[in-house]
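# Survey of secondary and tertiary structure
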Amino acid sequence: MSTSLNPNQADPNAHNGESNDMPSMGLRPGRRVFIETYGCQMNLADSELMGGILGTRGYTAAPNHDEADVILINTCAVRERAEERVFGRLSHLLQYKHARPEVILGVTGCMAERLREDITERAPYVDLVVGPDAYRRLPELIEESQEVEADPVVDVKLDRDETYAGLSPRRQAGISGWVTVQRGCDKFCTFCIVPFVRGRERGVAPSEILRQCRDLAERGYKEVTLLGQTVNSYRHEDTDFADLLEMLVDVDGLERIRFTSPYPTDFTPKLIETMAAHKKICNYLHLPLQSGSDRMLEQMKRLYTSGEFMELVERIRENIPDIAMSTDIIVGFPGESDEDYAQTVEMLEKIRFDFAYLFKYSERDGTFAARKLEDDIDEEVKHQRLAALIERQEEISSEIFAAQVGKTKEVMVVGESKRDANDLCGRTDDFKMTVFPRPEGISPAPGELVDVRVDDATSHTLLGQMVTE
Ligand code: 5AD
């Protein structure tokens, strides 16, 4: 449903509950595990965390499902579609249990937390159901599930204190990594399931975050994305989010720091100053708006008005010229009138985000909206509003990307372009995917910063030539 690449994301579709098949284990011989990940970047980071936990117990990465003793599917609950995909996927994965009944099939993450009864009913062959705060116990739970025959082993206890301190995620070699700095969420937007499936907000200790960032740098990573549901409301004792960034810019070897997703009302002047002061902190912000209508924002319990959001955008742009921005929007929230929707279109036109992730409202059991507000917008109307918004945003994105033509941008090389082995691709500081022909005689390595002169653009990609002299 998104109109473009997801911000800061290795897999452009991950935001939408698409899967990332990621063998992310260690190298010790032993049992083999395959983790399939759905949902947001935090889930990708959690899969790496599970990999780390299992790695210390001798598990290695299975190259595919066929060779796995344990298959884990790390799930997303944010929209219904993501959940339906997981059920579809589980029935597909049943074949591996048919072929080898000893295979352990586990469901982890947000859906595990939310749907444990449904899972045991709709997918009774699942052996293991593990929520986002129970990953430390994963090795024991797997053992247990081998011992019990009938019901799945379930651990979905939420834990106010669990920040997974002291653990090291298992990462494949790379240039761009994630570090979770905050778990859970205290905002309780009325549409959102996250506080229910991930529990209360907790900041990870700065020393722990520093350790992980240094570890990334030592392993050759050049970029880190700090993750949190409302990442800028981060606090740990006296350290706030701006302090944290200030601390991390000193990590040698890390060239770029990104974070996602900030919450508008927690965007302090101090944070803006910190971003403006450091080149390492990228000129890109994913700032979820959700709606342009004050009435809808209030119903969503978003804590700001459209005017306040606009002022924030202006303040950020004044202090950080050329900053790129993206956003999330929900259309078809209960009670959304044509006028409310028109105000959202107007806001997108006024703000001109570089890109946007646009969603149809999806009712989530247990949320305030599900309990108190009728999901009264016709599916067809939701669909039309979404389609029209995507179309409008595409035009805006095309214009913004076209306006980059003629500029020279610093690009961090990611690697070979997927479409053409003669091309390289990378990202600009302001998060634009950039494709350029591999220059004659030189081969910039992934992670290297090169200058690219932009000579063409689509609505999502810059095309150019590397400047070699
Ligand atoms: N329906 C539709 N979209 C949702 N999001 C979160 N909950 C819902 C829901 N119930 C969207 C929001 C959020 C993004 C991650 O997903 O736009 O910012």
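A count of helical and extended segments in the chain gives 14 helices and 22 strands. Against the compact-globule benchmark of 23 Å for 469 residues, the chain has a radius of gyration of 22 Å, which places it among compact chains. Here the C-alpha coordinates of the chain stretch approximately 65 × 60 × 45 Å along the principal axes. In the chain, buried positions account for 58% of the 469 residues. A fraction of 74% describes how many contacts in the chain between residues 6 or more apart in sequence connect residues 24 or more apart. Just so you have it, the chain exposes about 19,100 Å², and 46% of that area is on carbon and sulfur atoms. In the chain, 56 side chains carry a positive charge and 84 a negative one; their mean positions are 3 Å apart.

By secondary structure assignment, the location of Arg317 is in helix 11 (residues 306–319). For the pair Arg317 and Ile272, spaced 45 residues apart in sequence, the C-alpha separation works out to 9.6 Å. In terms of polar contacts, Arg317 uses its side chain to reach the backbone carbonyl oxygen of Arg352, at 3.4 Å.

In this section: the sheet that holds strand 15 (residues 284–286). Judged by pairing direction, the sheet is parallel, and its 3 strands sit side by side in the order 15-16-17 without closing on themselves. If you trace the sheet from one side to the other, it starts and ends with strand 15 and strand 17 (355–360), each paired once. Ignoring strand direction, the axes of neighbouring strands in this sheet form an average angle of 10 degrees.

We now examine the pairing of strand 19 (residues 423–428). Burial runs high along strand 19: 6 of the 6 residues are buried. Two elements, strand 18 (residues 408–416) and strand 19, share 5 bridges in a ladder whose sense is antiparallel. Of the residues in strand 19, the one forming a bridge with Gly415 is Cys425. Between strand 18 and strand 19, which pair antiparallel in sequence order, lie 6 residues. Looking at chain direction, strand 19 and strand 20 (residues 433–437) are connected through 5 bridges and run antiparallel. Bridge assignment links Cys425 to a residue of strand 20, and that residue is Val435.

It is worth spelling out the domain arrangement of the chain at this point. As far as domains go, the chain holds domain 1 (19–155), domain 2 (176–401) and domain 3 (408–466). For domain 2 and domain 3, the distance between their C-alpha centres works out to 26 Å. When domain 2 packs against domain 3, close to 1,400 Å² is buried across both sides, 55% of that on carbon and sulfur atoms. Asp354 is the partner of Lys432 in a salt bridge, and the nearest nitrogen-oxygen pair spans 2.6 Å. Applying the counting rule to domain 2 against domain 3 returns 10 residue pairs in polar contact (both at pLDDT 80 or more). For the side of domain 2 that touches domain 3, the secondary-structure elements that each account for two or more residues are strand 14 (256–260) and helix 14 (379–402). For the side of domain 2 that touches domain 3, the element with the most residues is helix 14, which contributes 5 residues. Of the residues belonging to the side of domain 2 that touches domain 3, the class tally is 6 nonpolar, 3 polar and 9 charged.

We now examine the packing of aromatic side chains. A complete count under the given rule lists 12 aromatic pairs for this structure. Centroid distance Phe241 to Phe259: 5.0 Å. Interplanar angle 75 degrees. Geometry classified as edge-to-face. Of the two residues, Phe241 sits in helix 8 (residues 241–248) while Phe259 sits in strand 14, which places them 18 residues apart along the sequence. Residue classification places Phe241 among the buried positions, given a relative accessible area of 2%. With 6.5 Å between their ring centres and 40 degrees between their planes, Phe355 and Phe431 make a pair best called tilted. Here Phe355, found in strand 17, pairs with Phe431, found in the loop between strand 19 and strand 20; they are 76 residues apart in sequence, far enough to count as distant. Judged on exposure class, the residue Phe355 and its partner Phe431 are both buried. An aromatic cluster of three or more residues is present, and its members are Tyr263, Tyr304, Phe309 and Phe353. The cationic tip of Arg122 hangs over the ring face of Phe87; the distance from NZ or CZ to the ring centre is 3.8 Å. When the ring centre of Tyr263 is taken as reference, the NZ or CZ atom of Lys187 above it lies at 4.9 Å.

Within the structure, the ligand sits among 12 residues, and Arg79, Phe191, Gln290, Asp328 and Ser362 are positioned closest to it. Here a nitrogen atom of the ligand sits 3.0 Å away from a polar atom, N or O, in the main chain of Phe191. Gln290 has a polar side-chain atom sitting 2.7 Å from an oxygen atom of the ligand. Within the complex, the protein chains bury 90% of what would otherwise be the 400 Å² of accessible surface of the ligand.

This paragraph deals with the packing of helix 12 (residues 338–351) against helix 14. Closest axis-to-axis distance for the helix 12/helix 14 pair is 10 Å, and the angle between their directions is 15 degrees. Classified by the angle between their axes, helix 12 and helix 14 sit roughly parallel to one another. Crossing geometry of helix 12 relative to helix 14 is assigned as right-handed. Of the residues in helix 14, those touching helix 12 at Asp338, Tyr341, Thr344, Val345, Leu348 and Glu349 are Arg385, Ala388, Leu389, Arg392, Gln393 and Ile396.

A word on the nonpolar core. Leu226, Phe259, Phe267 and Ile316 are the most contacted members of the largest nonpolar core, which totals 66 residues. In contact with Phe267, other than residues within four places in its own chain, are Asn232, Phe259, Pro262, Ile272, Met275, Leu285, Leu287, Leu312, Arg315 and Ile316. One finds Ala68, Ile71, Ala112 and Leu115 within the second-largest nonpolar core, a separate group that totals 24 residues.

Between its first and last C-alpha, helix 11 extends 20 Å over 14 residues, near the 20 Å set by a 1.5 Å rise per residue. Burial in helix 11 covers these residues: Ser306, Phe309, Met310, Leu312, Val313 and Ile316. Here the buried residues of helix 11 occupy an arc of 160 degrees about the axis, which is enough to place them on one side. At its buried positions, helix 11 is contacted by helix 9 (269–277), strand 15, helix 10 (294–299), strand 16 (324–331) and helix 12.

Reading guide: rules and limits
- Residues numbered from 1 in each chain as written.
- Predicted model: local features only at pLDDT ≥ 70, side-chain atom pairs only at ≥ 80, totals over all residues.
- Heavy atoms only, no water.
- Helix = DSSP H or I, 4+ residues; strand = E, 2+ residues; numbered from the N terminus.
- Rg over C-alpha atoms; globule rule 2.2 N^0.38 Å.
- Buried < 20%, exposed > 50% of the residue type's maximum accessible area, 1.4 Å probe, protein only.
- Contact = heavy atoms within 4.5 Å.
- Areas by Shrake-Rupley, 256 points an atom, 1.4 Å probe, with all protein chains shown as cover.
- Lys, Arg positive; Asp, Glu negative; His and termini not counted.
- Charge placed at Lys NZ, Arg CZ, Asp CG, Glu CD.
- Polar contact = N/O pair within 3.5 Å; in protein donor to acceptor, adjacent residues only side chain to side chain.
- Pairing = 2+ DSSP bridges.
- Axes fitted to C-alpha atoms, helices over the stretch in contact; angles between N-to-C directions.
- Domains from an automatic or database assignment.
- Buried area = accessible area lost by both parts, 1.4 Å probe.
- Salt bridge = Lys/Arg side-chain N within 4 Å of Asp/Glu carboxyl O.
- Nonpolar A, V, L, I, M, F, W, Y, C, P; charged D, E, K, R; others polar.
- Phe/Tyr/Trp six-rings, centres within 6.5 Å; stacked < 30°, edge-to-face > 60°.
- Lys NZ or Arg CZ within 6 Å of the ring centre and 35° of its normal.
- Near = heavy atom within 4 Å.
- Parallel < 35°, antiparallel > 145°, perpendicular 65-115°, else oblique.
- Left-handed = near helix turned anticlockwise from the far one by under 90°.
- Core = buried A, V, L, I, M, F, W, Y, C linked by side-chain atoms within 4.5 Å.
- Expected span 1.5 Å × (residues − 1).
- Arc of directions from axis to C-beta.

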